[in-house]
Amino acid sequence: MKSLDCMAPFGLLVVYGGASGPAPAIEPDTLNKKGCLFLTQPSVFPHNADPAVFRENAADLFAAVKAGLVKAHISQRFPL
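Residues numbered from 1 in each chain as written. Predicted model: local features only at pLDDT ≥ 70, side-chain atom pairs only at ≥ 80, totals over all residues. Heavy atoms only, no water.

### Re the overall build of the protein
Thought 1: The secondary structure content of the protein amounts to 3 helices and 2 strands.
Thought 2: In sequence order, the secondary structure elements of the protein are arranged as α-β-α-β-α.
Thought 3: A compact globule built from 80 residues should have a C-alpha radius of gyration of about 12 Å, whereas the protein, at 18 Å, is more than 25% larger.
Thought 4: Reported as C-alpha extents along the three principal axes, the dimensions of the protein are approximately 50 × 30 × 25 Å.
Thought 5: A total of 80 residues make up the protein; the buried ones form 10% of that total.
Thought 6: Pairs at least 24 apart in sequence give 70% of the contacts found in the protein among residues at least 6 apart.
Thought 7: In the form shown here, the protein has an accessible surface area of approximately 7200 Å², with 63% of it arising from carbon and sulfur atoms. (Helix = DSSP H or I, 4+ residues; strand = E, 2+ residues; numbered from the N terminus. Rg over C-alpha atoms; globule rule 2.2 N^0.38 Å. Buried < 20%, exposed > 50% of the residue type's maximum accessible area, 1.4 Å probe, protein only. Contact = heavy atoms within 4.5 Å. Areas by Shrake-Rupley, 256 points an atom, 1.4 Å probe, with all protein chains shown as cover.)

### Quick look at the nonpolar core
Thought 1: Listed in full, the 5 residues of the largest apolar core are L4, M7, L13, L31 and L37.
Thought 2: In this structure L13 touches S3, L4, M7, F38, L39 and T40, once residues within four positions along its chain are discounted. (Core = buried A, V, L, I, M, F, W, Y, C linked by side-chain atoms within 4.5 Å.)

See the structure below:
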């Protein structure tokens, strides 16, 4: 709720990850009362639910890695 209190009217709050546990439930009317706020919790799963879309997304990612736009940091290697 403190994050909502910091937002400007029409602000967007994105809940990313859940390292500290699940976010508390928020009544939709609370977002309106605090200034017509937007709240989302994105997930990769709906974007990749269709196998064809999944393959296209994977191809885009691998192309970005190959182009150097995404860099993978490998900190350890384990024998198979």
